[in-house]
Every structure is written in C-alpha cells, then in structure tokens.
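Observations on the three-dimensional arrangement
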Amino acid sequence: MKKEILKKRIAVSSKQIPADLVIKNGKIIDVFNLEIIYGDVAISDGMFVGIGEFEGKKVIDAKNRYVCPGFIDGHVHIESSMVPPSEFAKVVLPHGVTTVITDPHEIGNVSGSDGLSFMIEDSMNLPLDVFLMLPSSVPATPFENNGADLKAQDLEPFYSQPRVLGLAEVMDFSSLKNAEDSIIDKILVTNHQNGLIDGHLAGLGTNAIDIYRTAGIKTDHECNTAQDALERLRRGMYLLIREGSVAKDLKTLIEVVTPNNARRCLFCTDDKHLDDLIEEGSIDHNIRLAIQEGISPLQAIQMATLNAAECYRLSNKGAIAPGFEADFLLLDQLEAIEITEVYKSGNLVAQNGRFVATSPAKNVPNTQLLSTVHVSELHEKDLQISFGDGNKANIIEIIPNQLITNKLVEQVTVENGNFQPSLENDQLKLVVVERHKNTGNIGLGVVKGFGFTDGAIATTIAHDSHNIVATGTNDADILVAIQGLKDMNGGLVIVRNKQIIASLSLPIAGLMSDKDSQTVNLELEQISLSLSQLGFTGDFNPFLTLSFLTLPVIPSLKLTDLGLFDVETFTHIPVQMN
C-alpha cells in the first residue's frame, strides 16, 4: 500500500476529511457478534474505514436495508459453469458472490500449465476476486489417461502469482497414505510457500482423516453423511458444506452445525452448471437452504463470509468493519436473502439480479486450448462388450443428484456373444473414449438409472480426466454423438435416429464456451428440452450425472478409458461377472 493511501484512509477514519463513499440508513450485519448494528459506514479507496457518523463525497441511502458482507465460495471449479472466469463473474456477482476460491483442476487435466495460465490471465482485473488453489492431482489417478502431467516443479512457478493460495483438493489418498514422492513433493513445495492445502476425503474413514491432518491438510468438501462431517470437525478440519448441481449435501450435513462449531463451517458449490447458477443461485442459495433447515440467518451469513475468509487467510475480507475490503450487498429481506445491490470495492457491480459493471475483457485462448479432441474414426465393432458363457454383469447404478454410485450385479441381454442394451431393464451402454493423445483406448460398461428409451448423449466433460463419455440405447447413435463432439472440438450433444438434435459447443479445452453466458444458457435450455425426445423423465441432470461416472475416486463403480473400475478395491474389473 502506498503511504498516501494509508494517510488518506486514516484521515477519513478520524473524520478529518470526507469519505469517498458513505452508506447511511442501513442495518449493518455484524458477523463477529451475530447482531444488527446501526450507523454510517465510511469507505475510502475501496476499504471500510469507520462506522458511526461520517460525511462523504457520495452517499448511498440504504433505505433501511441490510448491509451485508459479500459472499465467498470456498471451493468451485469455474470450468463446470461452462464459461471462462471473465464470463463467470457476470453470472455470480448478481447473486452476491464477490470472492471465489477456485481449483482449475479440470482444465489442468486437459491442458496442463497452459490451462492454468489461461485461467489466471482470464480472471485478472475482474470485479470478482478469483483466488486459485493449484491442482494437486494431474493426472487425477493412475487408473485412466488424461491430457497432462503437473508435477511439483511444474506447479512451483505459479506460487509467484499473488492470487494463488495453495494446493487444491488432494484426492489421491493411496499416494498420500504411502507417502509417495509425487504428492509429498507438492505438499513440501506448498509448505515452503506458506500455502494452504485442501482435502478430498470421499468415502474415507477416521484414520484417513488422521493422515490428511498429519499432512497439513485442513479442509474437506466431500462429506456424504453427518457423521463424516462431525469426524472431520473433531480432528480440526474446516467443513465445506457443498450444494452443487449434482452433489447436494447441505440438507444432510447442516444438522452437524451448532453454535459451538459453526465457526469451522463454510459453504461451497464445487461443480455447478451455468443454468443452475442463473436460476437457483450460488452461495446465496446455500444460505437460503441453511436458513430453511433451521440455521439462523446471521449464522448462515457468517458461514458464507467471515468463516470462508478466515479459512483461506483472506484477513481483509468477510465483514463490514474498518480495515476490511468494501465488498458488500444490500438486502431487502434477511431470511430470503433478497439481494438488490452488489458492491465490489465500493463500486456498484450488480443491481436487481443484473450485472451492471463494465464487462471484463476476455482472454483469447491459444490454439492448443482450442484443439483438444483427438480421436480416430470409430465403428460399431469398437463398442462391443463381449460375453462368454453366462449373462451376469457388473453394472453401474446411478443415484440421482449424488456423485456416488451403486455396484449392481444383474442379468443382461446377450446376443451373438455381445451385450445389448435393454430398455425394459433400463440397462444402457456406457462408453469412455480417450480424447487427448489418440491412444485408441475405449472403456465399456453398463449403466442403469437414466431411463432413456431412445438415442444417446455424449460430452467431453468427464471428471477428472475429461475424456469423451457417452451413453445410449444403441451403438449407431452413440457413434454419431462421439463424432459430433470431435467435429465441434468438445461440448455436449444429443442424438436420436443418427441425427444430432441438440448440442452445445465447448471449444476451450472441451470444457468452456467462447460465447456469452446468455447464449450458452439458451443452448442449455434447448438441450434440456430435447432430452424428452429420448424418453427422459428424471428429476436430475443427465449430463452432469454422466460426467461424474468417470471419476474413479468416488465410490462405488465407475468407468475410465481403461475399463470398469471398482473404487472400493481400487482395481479394474471385467464387465461380465464370473
């Protein structure tokens, strides 16, 4: 900070000169004491400098509305919104989110350091503070093929960036438990930079928590039960309560939160699609749900502001108080979190649900990021699942709105020695095609629970290695869907009768669009409407569900480009059950 700025702020705070901006007639949310206080709020050079009676060059009349700190998303993959940071900012700011901690894990797995650099550059100079945790697991696991490899020495230069806070979700528990150099080196580099480390303890027990905490890992957003959450809190972890597009954990976990432990709890979205962000909201939605589940409004707001800021050492964020950045909201209704205005560093950026600031400049991706789908021509014979004697199969059963799956053993239809999808039994073919290095790897399996009666869907969003993943009722439509993704350099596609009936192009690493958020949302709406032509009637997002069926760190059964993977035994298994 320049000396002149500090002197000016002190002069404003001591009432020697007028403030740049003063908020009057507001009900100030005090997140330290969980109470409402009254007074003018003085702002100088984008910082709060006083509460009391102040004069200002400019005055905001709060008109008896609540003055609330800006919300903080404790863990989000911006790529999951399908737009880059410069467009993402315009989507979440109207929902009161002024700061996010993001993990560019998705683009890192596709494009490595080039992907990280793009996310850093595209998130510069935005009216949204974007802090980054560097991806710890690229590749995510040794059980699949991805597009890049980020070792400790590859990550180290990025720590020179002031917005890089540490190491993102450590999900390779096996490597951590065995103290393998691949993860230990990353932890030590992070420690050397005084960085933070996030955890990823999906389905893991108390001894695993001990191991993570011993390694200096302090957060987890992968709790599925209240008992899981409690055990993490007992061992000194911060609990990130997630409410995303697929993983909706808040109602299950919120019962753990009490006045005694609430200061160790915060909110995140993790993976949330653009249409859900626009229609439902971001962290504001988490707060509303928490209030509905019995958490007091002020407690919920504290979790979304001060708690998140303290967890990530953002010491000047998360409160309406002197010495804090002037990121604030004006709320009409406290319990409903009705946001009328959003301010970033004292500047109006959103009003009545609309982004009103100057649109940030987009960063143009390099050619490499725009050409990431490398697949040879496929034929129906490439998709055959061969069976010997017998017709019992290991089947992935989806659980709507959850990342975990069930492992089933059922009889399937076999014709001429090959599996045939069964509409009657809701058994569809699942295909994963390696798309980064054109290895020719194809993983095949059987999935239950989509309820399709026709056609196929496919996408290049397939966590975490982001190969092509497709499912359908017949091989011909699946092949057309895969070819469609290749033609448009990635995205989402729906096929029926060998015709593409809806699609969304995501040319940036096969993960993000180069179009504005409104256009992308309209195309998503068309995709949603077109799903009915496949007979889909479920109350979940089939594309999001499909994208997590390739994640071999979330129980119980998943599919990678190397085949069917049993997460509980950490081994690939055959489709046919012997």
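What you see is a predicted model, and the numbers here were worked out from it, not measured in a lab. (Residues numbered from 1 in each chain as written. Predicted model: local features only at pLDDT ≥ 70, side-chain atom pairs only at ≥ 80, totals over all residues. Heavy atoms only, no water.)

Each aromatic ring pair is characterised by the separation of its centres together with the angle its planes make. Applying the stated criterion across every chain yields a total of 11 aromatic pairs. Taking the centre distance of 5.9 Å and the plane angle of 10 degrees together, the rings of F173 and Y212 count as stacked. Note that F173 is positioned in helix α5 (residues 173-177) and Y212 in helix α7 (residues 206-214), a separation of 39 residues in sequence. On the basis of relative accessible area, F173 is assigned to the buried category, the value being 18%. Taken together, F450, F452, F536 and F540 form an aromatic cluster joined through their ring pairs. For the cation-ring pair, K27 lies above Y66, with the distance from its terminal atom to the ring centre recorded as 4.1 Å. In this structure, R264 packs its charged tip against the face of Y238, placed 4.0 Å from the ring centre. (Phe/Tyr/Trp six-rings, centres within 6.5 Å; stacked < 30°, edge-to-face > 60°. Helix = DSSP H or I, 4+ residues; strand = E, 2+ residues; numbered from the N terminus. Buried < 20%, exposed > 50% of the residue type's maximum accessible area, 1.4 Å probe, protein only. Lys NZ or Arg CZ within 6 Å of the ring centre and 35° of its normal.)

One open sheet holds the 8 strands; their spatial order is β21-β20-β25-β24-β27-β26-β28-β29, and the pairing between them is mixed. Of all strands in the sheet, those with a lone pairing partner are β21 (405-411) and β29 (499-505), marking the two edges. Averaged over all neighbouring strand pairs, the angle between strand axes comes to 25 degrees, with direction disregarded. Bridge count between strand β20 (residues 392-398) and strand β25 (residues 442-448): 2 bridges; the pairing is parallel. Pairing of E397 across the sheet is with K448, part of β25. (Pairing = 2+ DSSP bridges. Axes fitted to C-alpha atoms, helices over the stretch in contact; angles between N-to-C directions.)

Here we have 3 strands laid out as an open sheet, ordered β30-β31-β32, and antiparallel in their pairing. Here the strands that pair on one side only, and so sit at the sheet edges, are β30 (557-560) and β32 (571-572). Pairing analysis gives 2 bridges linking strand β31 (residues 563-566) to β32, with the strands arranged antiparallel. Note on β32: the bridge partner recorded for F565 is H572.

Cross-referencing UniProt, the feature "domain: Amidohydrolase-related" (unreviewed entry) maps to residues 66-349 in the present numbering. Helix makes up 35% of residues 66-349 and strand 20%. Its end C-alpha atoms lie 17 Å apart. (UniProt positions renumbered as here; feature names shortened; annotations may be inferred.)

This model, assessed by the stated rule, comprises 6 cavities of 30 Å³ or more. Reported here for the largest cavity is a volume of approximately 100 Å³. Residues belonging to the lining of the largest cavity are distributed by class as follows: 5 nonpolar, 5 polar and 7 charged. Counted as a void, the second largest cavity has a volume near 60 Å³. Lining the second largest cavity are P69, G70, I72, T98, T99, K317, G318, A319, E325 and D327. (1 Å grid on protein atoms, 1.4 Å probe; cavity = no way out; pocket = protein on both sides within 12 Å on 5 of 7 lines; lining within 4 Å. Points joined across faces, edges and corners; volume = space filled by probe spheres on them. Nonpolar A, V, L, I, M, F, W, Y, C, P; charged D, E, K, R; others polar.)

With respect to the helices, strands and loops of the structure, S422 is situated in the loop between β23 (418-420) and β24 (427-433). Spatially, the C-alpha atoms of S422 and N474 are 9.7 Å apart, while their sequence positions differ by 52 residues. For S422, the contacting residues outside a window of four places in its chain are T413 and Q427. Here N425 takes part through its backbone nitrogen, which lies 3.1 Å from a polar atom of the side chain of S422. (Contact = heavy atoms within 4.5 Å. Polar contact = N/O pair within 3.5 Å; in protein donor to acceptor, adjacent residues only side chain to side chain.)

Our focus in this paragraph is the pairing of β31. Summarising the sheet, β30 and β31 pair through 4 bridges and their orientation is antiparallel. Note on β31: the bridge partner recorded for T560 is G563. If you look at the hairpin formed by β30 and β31, you'll find 2 residues sitting between the two strands. Here β31 hands over to β32 after 4 residues, with F570 in that stretch at a positive phi of 55 degrees.

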